[in-house]
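Letter by letter, the chains look like this.
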Amino acid sequence: TEKAAVSSEANPIARELDGAGGESRLPALDQAKFRALLRGTIAFPFIAALILAGAALWAAYILNTSLQWVDHTDQVIGQSRRLLRLVVDMETGERGFLVTGNDVFLQPYQDAAKEIDSEYQRLYLLVADSPTQQIRLETLHSNLHDWQGYAERMIALRRAGGAYADLSVNLAGKAEVDHIRDQIAGFQSVEEHLRDERNRAAHRDWRLVAAICIVLGLGVGFGLAVFTLRRMDVIANSFENSRRALAE
């Protein structure tokens, strides 16, 4: 009797089997749909991560550009200070020689004279983005050459025993050097103001980058959580439907 009952219960299942291939035609989970769900579940977080990384790189690029401009302005100011130091060395050497007549005092003048043109050209190239500053430097360079001509004449007068100590002549030379100092100071003032503006811009960019990263991070995280939960619900429902179909 038990064998007959088992055989009777097994007959419907047996009838669901394909006699030729032995493959079951029982309702089951749609494999193609299941795989599509899995691919979507994996692909969406990956794409979201790429978008977040791209946004972070873009924000970092903006911040880095701002910081590079600040660094560039610092380089310009530092180079202008080197140029001013050479001018001071030349004036000091020239005055020391006029007072003593000893060539030893000319050493700073001669050393600075060898470097001043190259240092000026380096500074001129650094402000290639600012035509106004380049015009200031061109005027400064012309004044420097005028003063160098004056200094060479005074040195020659000292060697020849001429009127190198004439007060009016010396005051004229001092006025030229003071004018050069004022020009460099004006140039530096413009650059320092520009540096302050670029510093403020860099701080604004930093706050913008931080805000973008926070908003994107929270948004992507929330989106991923919602998406993953919905996908898992779909997959769970698919398994449940398949289980019910198999049970039936």
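All values reported here derive from a predicted model rather than from experimental measurement.

J.: What's the story with the overall build of the protein chain in this structure? I'm lost.
T.: Assigned secondary structure in the protein chain consists of 5 helices and 0 strands. Starting at the N terminus, the α and β elements of the protein chain follow one another as α-α-α-α-α. Of the contacts made within the protein chain by residues no fewer than 6 positions apart, 77% connect residues no fewer than 24 positions apart. For the protein chain, the accessible surface area stands at approximately 15,800 Å², while carbon and sulfur atoms represent 61% of it.

J.: Which parts of the structure should I look at to understand the packing of aromatic side chains?
T.: What describes a pair of aromatic rings is the distance from one ring centre to the other and the angle between the planes of the rings. Counted under the stated rule, the structure contains 2 aromatic pairs. Geometrically, the ring pair formed by tyrosine 109 and tryptophan 147 is tilted, given 6.4 Å between the ring centres and 55° between the ring planes. With tyrosine 109 in helix H3 (residues 107-126) and tryptophan 147 in helix H4 (residues 131-160), the pair connects residues that are 38 residues apart, well separated along the chain. Judged by relative accessible area, tryptophan 147 falls into the buried class, the value being 1%.

J.: Could you clarify how one ought to interpret the nonpolar core in this entry?
T.: Side chains of a nonpolar character, in soluble globular proteins, are inclined to be buried together. Grouped together as the largest cluster of nonpolar side chains are 28 residues, with contacts concentrated most on Tyr109, Ile116, Leu137, Leu140, Trp147 and Ile180. Only helix H2 (31-100), H3, H4 and helix H5 (167-247) provide two or more residues apiece to this core. Ranked by residue count, the leading element in this core is H4, at 8 residues. When sequence neighbours within four positions are dropped, the list of residues in contact with tyrosine 109 reads Asp89, Met90, Gly93, Glu94, Trp147, Gln148, Ala151, Glu152 and Ile155.

J.: Would you mind showing me how to read the packing of H3 against H4 here?
T.: To describe two helices that pack against each other, one gives the angle between their axes and the distance between the axes. Following both chains from N to C, one finds H3 and H4 inclined at 170°, their axes separated by 11 Å at the closest point. Judged on the interaxial angle alone, H4 and H3 are roughly antiparallel. Across from Tyr109, Ala113, Ile116, Asp117, Tyr120, Leu123 and Tyr124 in H3, the residues of H4 making contact are Gln134, Leu137, Glu138, His141, Leu144, His145, Trp147, Gln148, Ala151, Glu152 and Ile155. Split by residue class, the contact of H3 with H4 holds 11 nonpolar, 4 polar and 3 charged.

Rules used throughout
- Residues numbered from 1 in each chain as written.
- Predicted model: local features only at pLDDT ≥ 70, side-chain atom pairs only at ≥ 80, totals over all residues.
- Heavy atoms only, no water.
- Helix = DSSP H or I, 4+ residues; strand = E, 2+ residues; numbered from the N terminus.
- Contact = heavy atoms within 4.5 Å.
- Areas by Shrake-Rupley, 256 points an atom, 1.4 Å probe, with all protein chains shown as cover.
- Phe/Tyr/Trp six-rings, centres within 6.5 Å; stacked < 30°, edge-to-face > 60°.
- Buried < 20%, exposed > 50% of the residue type's maximum accessible area, 1.4 Å probe, protein only.
- Core = buried A, V, L, I, M, F, W, Y, C linked by side-chain atoms within 4.5 Å.
- Axes fitted to C-alpha atoms, helices over the stretch in contact; angles between N-to-C directions.
- Parallel < 35°, antiparallel > 145°, perpendicular 65-115°, else oblique.
- Nonpolar A, V, L, I, M, F, W, Y, C, P; charged D, E, K, R; others polar.

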